[in-house]
Each structure stands twice: as C-alpha cells, then as structure tokens.
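Summary of the model geometry
Listed here are the chains, written in short residue letters.
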Amino acid sequence: MEDYRLNVHQIHTKRRNRLEHQRLNDLVYIKYNRALKKRYDERDTIDPIILKEIDESNECINETKAPSRIGDRSTSDVVVRLRTQEGRDDWLYCHSHVLVEKSKYFADRLSENWPTCQILDSRNCVEVYCQESDFDYHVNVLRLLYAVIDGSVDDMWHGVRNALSCLQVAVELGCQQIITACVKYLEAVPWEEAEEEEILRTVPGMGSQAEPILARLQPVNSTAIEGIFLSAIRFATSSPPPHLNDLKSSAQEQLEYMLTEDDDAPLLMANDEIKFEVRECVRGLLARFNNQLETFFSKPAESVIPAGEILSFQSYLSDMSWACQILGKLEIMTELVSTWTEASEKIVMAIELARSEADMLEMRLNVIEVASKVLEAIGYGTVILPAAKRLHMVLVWLPFVRITKHLLDSFPYDNPLTFKLDGERWQSLESAFVSIIVALPSGDQAGILTEWLGNEHVRYPDLTEAFEVWCYRSKVAKRRLALSGAIHGVTDAL
C-alpha cells in the first residue's frame, strides 16, 4: 500500500499536472467549438415526423421565447474574441441571430459568403481587434446589442464622452440601432468645451448618419447674422437701466467680436444697410449724451451733480468708448468725432461739477478713454477736420490730459480708490497729439510748442518729436519753398 501511494505521488505531482493558462483556453476553445459545429452539422438530420427525435426545449416549439443573454454558454452558438495588441484577450459568448440582426459587421462575418466560412470553427468564433483604450466600449456595444433601445436613451449613455466612444464602435461594427440612439442623445444634450472639440475631431468622419450631431455647429446664412447683429446693436446703444449692464456689456463684446478679423474672417461684412442702422443707433446715444450735458449746465450755480446723474454720464462715456471701436471697424467715425469736437469745452467744464475728487478723477478717466480714440482718428487721418477744428481739439484736450496725468500720478497708491489708465493708452494719446500738431500750420505749431516748453508738466505729453520736426521745417522752409517754386506770398509769410 505504501508503495502504491508513493507511485501515485510520483506520477500526480503539481508540476506534471500544471497546464498553462493559454493552453487551457485553447483546449476549451476547441472543445466548445467542436460541440457547436456538431450541433450545426446535425441541424438537418432530425425527421420532423418522428416526434421522439424532436427536442421539446427547442425554441421553435415554445410558445414564449426566453430572451438571449450575452455570456450564456448554454445557449451561445458563437464566441466573440476581443483582442488588443497589448495581449488582452476576452471571450464573450454570444448568439449569432442577435449579432446578425443588429450588426452588419457580424452579419458579414457569419454569412456563407465570408471567404473563411468553410474553415473549421471560423463561423463559431469571430475575432475583433481594438485599441486598449476602446476595449470597454466594444464590450458595452456588444451588451447593447442585447438591450431594448427605444426613444428613452437619456440614462443609457452616462455622459457625452461615453456615448461618443460607443458611437465610434457602433459605426465600426455597423450597429444601426445603436448609431441612431447615440446620435439622438448627442444631438440633444449640452457639451463641455473639451467634449465639443472631441466631437469635431471624430464625428465628421462618420458620414451622413452622424450629421445631426453637428447641427448646432453649422454656419448660418447672412440674413440670420445681420438680424442678430442689428438687434444687438440696438440694445447695446440703448442705454438700458443699470441692472441690465452685464447684458449690455456682453452684447457689446460680441458685436465687436463679430466684426474682428483674427484667425477667421469677420462674421459680418457690413453693407450700407448695416452702416446706416449703426449710425442711427450711435446718433441716439450721442443725443442722450448731449442732453445729459445740458442738464448739468441747467442747474443753479454752485449746485452739486446728483450721484445718479454722474453714473448716467459715466455710462454714456463707456458706451461711446465702445462705439468708437465699432465705428472704426466700419469706417464711419465722422459723426461721433464731429459731435465730440463741438461738445469738447462743455465736457471739460462738466468734470469740474463733480461732487468729490474721486468722482472727478473717475470722470476724467472715462472722458480720456473717448477723447483718445477721437484724437487718434483725427491725428491719423481717419476723419478729416479743418485746421481750425484740429487746433481747437489740441488747445482743449492737451491741458486736460496733462493735468489728469499729474493728478493720477500724485494720487496715493495705498488708497483703495486708486485710479489708473493703461500705459498704452497714454502712449497712444501722446502719439496722437504729435501727429495732429505736426499737421497744423507752422505758426500754430509754434504757439503750442512755446506753451509746452514753458509748462511745469513738460514731461507729459512729450512733444519732443513735434518740436524737432518744427525746427527742421522752419530752418529750411525758405530754401525748400524757393526750390519748389512756391507762391511768394507763402514765402513772405515765413
């Protein structure tokens, strides 16, 4: 007995009985598929007249057919092997009638016309290769083939990314029912920015069946663009009550964006109708601004402007500063520049009626925002004004800007109400003044430069460039004009 036990232990060792996992899989695979093939080969051997040879559990004679379930080995007649390059290999026990009915890919693979259909076991096992990142989505799609998919798809996809990934697999496998359900879901739900970019990368390559997903991203016709532009410009220039300021700011920002040329062409190419409507809207804004100025000066002397009127005045200035951007893009700045030129002295006087130093400084900054854009339009020739009006603008706004800069520089920086203007704005103002001055008659230039050199705030604006140009021109003026054959009256005047 002891010898027998010893022999048994020598034969049945763990080492000798150990089977590699892959070999075990292969053995099961071969055994299972041989059984499936035997069942398939005997499909025509049953005599329908001999009742004893009929399987009573056959689904053909059951009044109610139990639904097939993925993974049910007892009823499965085909295996789907999902494989990845990383070595992952999962077997999913499926049913050919489900796969053929709901997937064109599997219908082709399991048909009599598939090139390898006569090879042993080729119809009982279908291999599907996929990326590791898409593995779970392939499993989900195979499970969805067994699900009842109707119009109620809201809770099935668990978010945009999951639905999009399932859609990609469904397109690959030709699962039309799942494609339709995914498209309906993705077309209806909101997307985050990253999801939208992913949709743009993947959906266009899926063909016409996925086009409804991109409906919200399609360009609209010019009539619709013009309609929304006109509605927005009317609202943005209507001076709505303060509680709508956020909405007004948003409208102004989007209007400017629509006209901006960046990586893309402007959304709107302005025609005469658009320009006319914009002019009318800005004309209404300028009228309300002038009415506000008249209200300031209609009050008794020494009276203080109420806080509400100051806020309205600042709101008008902010809207006009924005309007300069729009008018500049449309090249219709003339009316605003002319109106501002005529009202310049009143605007400067109105600042002195502010209730406090803080109000005064804030109003000065608001005014400079508009004045700088007006002066740039004049200085760079965007709007043409006579020399007398250009000189008037310099004489009014040069002292105003100079004093405002000094006040801001001397204002305590530790004060919570510290006011600042962007450095580029100051530089633009200085350049605009130089451009206007050097284009004035030389006598007017001399008067401006004389005052500048004797002023205590000579550092800003720095008119050195204008001074150098004037000196050069004045020195060589007679020679240059004589050589060019200029009228002697002009020469005598020099």
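Rules used in this analysis
Residues numbered from 1 in each chain as written. Predicted model: local features only at pLDDT ≥ 70, side-chain atom pairs only at ≥ 80, totals over all residues. Heavy atoms only, no water. Helix = DSSP H or I, 4+ residues; strand = E, 2+ residues; numbered from the N terminus. Buried < 20%, exposed > 50% of the residue type's maximum accessible area, 1.4 Å probe, protein only. Contact = heavy atoms within 4.5 Å. Areas by Shrake-Rupley, 256 points an atom, 1.4 Å probe, with all protein chains shown as cover. Expected span 1.5 Å × (residues − 1). Polar contact = N/O pair within 3.5 Å; in protein donor to acceptor, adjacent residues only side chain to side chain. Core = buried A, V, L, I, M, F, W, Y, C linked by side-chain atoms within 4.5 Å. Pairing = 2+ DSSP bridges. Axes fitted to C-alpha atoms, helices over the stretch in contact; angles between N-to-C directions. Patch = residues over 30% accessible without salt bridge, like charges linked within 9 Å, V, L, I, M, F, W, Y side chains within 5 Å. Salt bridge = Lys/Arg side-chain N within 4 Å of Asp/Glu carboxyl O. Lys, Arg positive; Asp, Glu negative; His and termini not counted. Charge placed at Lys NZ, Arg CZ, Asp CG, Glu CD. Phe/Tyr/Trp six-rings, centres within 6.5 Å; stacked < 30°, edge-to-face > 60°. pLDDT = per-residue confidence, 0-100. Parallel < 35°, antiparallel > 145°, perpendicular 65-115°, else oblique. Left-handed = near helix turned anticlockwise from the far one by under 90°. Nonpolar A, V, L, I, M, F, W, Y, C, P; charged D, E, K, R; others polar.

Of the regular secondary structure elements, the protein chain holds 20 helices and three strands. A total of 494 residues make up the protein chain; the buried ones form 38% of that total. Summarising the internal contacts of the protein chain: among those between residues at least 6 apart in sequence, 69% fall at separations of at least 24. As displayed, the protein chain has an accessible area near 29,500 Å², and 52% of this comes from carbon and sulfur atoms.

Right, let's get into the environment of Glu456. Tracing the backbone shows Glu456 in the loop between α18 (442–453) and α19 (464–484). Given a relative accessible area of 72%, Glu456 falls into the exposed group. Distance from Glu456 to Arg402, taken between C-alpha atoms, is 10.0 Å for residues 54 residues apart in sequence.

Look at helix α12 (residues 272–297): 37 Å from first C-alpha to last across 26 residues, which is about the 38 Å you get at 1.5 Å a residue. The complete set of buried residues in α12 reads Ile274, Glu277, Val278, Cys281, Val282, Leu285, Leu286, Phe289, Gln292, Leu293 and Phe296. Looking at the buried positions of α12, the neighbouring elements they touch are α10 (222–236), α13 (307–330) and α14 (334–351). For α12, the N-terminal cap is Asn271; the gap from its side-chain oxygen to the backbone nitrogen of Glu273 is 3.2 Å.

As for its position among the elements, Leu327 is in helix α13. The residues touching Leu327, leaving out its near neighbours within four places in the chain, are Val278, Val282, Ile332, Met333 and Leu336.

Moving on to the nonpolar core. Among soluble globular proteins, nonpolar side chains are generally buried collectively. Counting 82 residues, the largest nonpolar core has Val278, Trp340 and Trp397 as the members making the most contacts within it. Per-element tally for this core: the top contributor is helix α15 (residues 357–379), with twelve residues. In terms of nonpolar packing, the next biggest core, distinct from the first, is built from 45 residues, Cys94, Leu99, Cys130 and Phe135 among them.

Let's shift gears to the side chain of Gln314. Tracing the sequence through the fold places Gln314 in helix α13. Aside from chain neighbours lying at most four places away, what touches Gln314 is Asp359, Glu362, Met363 and Asn366.

In this chain, Tyr460 is followed by Pro461 through a cis amide linkage whose omega measures -10°. Residue Ser239 is not a glycine yet carries a positive backbone phi of 55°. Although it is not a glycine, Glu331 adopts a positive phi angle of roughly 60°. Within the secondary structure layout, Glu331 lies in the loop between α13 and α14.

Another aspect to go through is the sheet that holds strand β1 (residues 78–83). In spatial order, the strands read β2-β1-β3; together these three strands make up an open sheet with mixed pairing. With partners counted over all chains shown, the strands left at the sheet margins are β2 (89–94) and β3 (125–129), one partner each. Taken over all neighbouring pairs, the strand axes of this sheet differ in orientation by 20° on average, direction set aside. In this structure, β1 lies alongside β2, joined through six bridges in antiparallel fashion. Within β2, the position partnered with Val80 by the bridge is Leu92.

Now for a negative patch on the surface. Taken together, Glu261, Asp262, Asp263 and Asp264 make up a surface patch of like negative charges. As for its placement among the helices and strands, Asp262 is situated in the loop between α11 (245–259) and α12.

One pass over the full model with this rule turns up 19 salt bridges. Residue Arg425 is joined to Glu369 by a salt bridge in which the shortest nitrogen-to-oxygen separation is 3.8 Å. Of this pair, Arg425 sits in helix α17 (residues 423–438) while Glu369 sits in helix α15; the two residues are 56 residues apart in sequence, bridging distant segments of the chain. The class of Arg425 is buried, set by a relative accessible area of 18%. Through salt bridges that share partners, Arg81, Arg83, Asp89 and Glu127 make up one connected network.

We now examine the packing of aromatic side chains. The geometry of two aromatic rings is summed up by the distance between their centres and the angle between their planes. Considering all chains together, one arrives at eight aromatic pairs under this definition. Ring centres 6.1 Å apart and planes at 15° place the aromatic pair Phe289 and Trp340 in the stacked group. Taken together, the positions of Phe289 in helix α12 and Trp340 in helix α14 put the pair 51 residues apart, joining distant regions of the chain. The pair formed by Phe289 and Trp340 is uniform in burial state, with each residue classed as buried.

What follows deals with the confidence of the model for the protein chain. Across the protein chain, the average pLDDT comes to 82, with 79% of residues at or above 70. Predicted confidence for residues 46–54 stays below pLDDT 50, and this span has six contacts to residues more than four positions away or in other chains. Note on residues 56–64: pLDDT under 50 across the span, and six contacts to partners over four residues away in sequence or across chains.

This part takes up the side chain of His138. Checked against the element boundaries, His138 lands in helix α6 (residues 135–144). Apart from the residues lying within four places of it in its own chain, the contact partners of His138 are Leu82, Val128, Cys130, Val169 and Glu172.

If you trace the backbone, Leu453 turns up in helix α18. Here Leu453 falls in the partly exposed class, since its relative accessible area comes to 46%. Distance from Leu453 to Phe467, taken between C-alpha atoms, is 9.5 Å for residues 14 residues apart in sequence. Discounting residues that sit within four places of it in the chain, Leu453 has contacts with Val458 and Phe467.

The contact between α12 and α13 brings their axes to 10 Å, and the two run at 155°. By the criterion of interaxial angle, the relationship of α12 to α13 is roughly antiparallel. α12 and α13 meet at a crossing whose hand is left-handed. Taken together, the residues of α13 that come into contact with α12 (itself represented by Lys275, Val278, Val282, Leu285, Leu286, Arg288, Phe289, Gln292, Leu293, Thr295 and Phe296) are Glu309, Ser312, Phe313, Tyr316, Leu317, Asp319, Met320, Ala323, Ile326, Leu327 and Leu330. The class makeup of the residues in the contact of α12 with α13 is 15 nonpolar, three polar and four charged.

Viewed as axis vectors pointing N to C, helix α16 (residues 387–410) and α17 meet at an angle of 150°, and their least axial separation amounts to 11 Å. Judged on the interaxial angle alone, α17 and α16 are roughly antiparallel. Crossing of α16 against α17: the hand is left-handed. Counting all contacts with α16, which are made through Arg390, Val394, Trp397, Leu398, Val401, Thr404, Lys405 and Leu408, the residues of α17 involved are Trp426, Leu429, Phe433, Ile436 and Ile437. A class-by-class count of the residues in the contact of α16 with α17 yields ten nonpolar, one polar and two charged.

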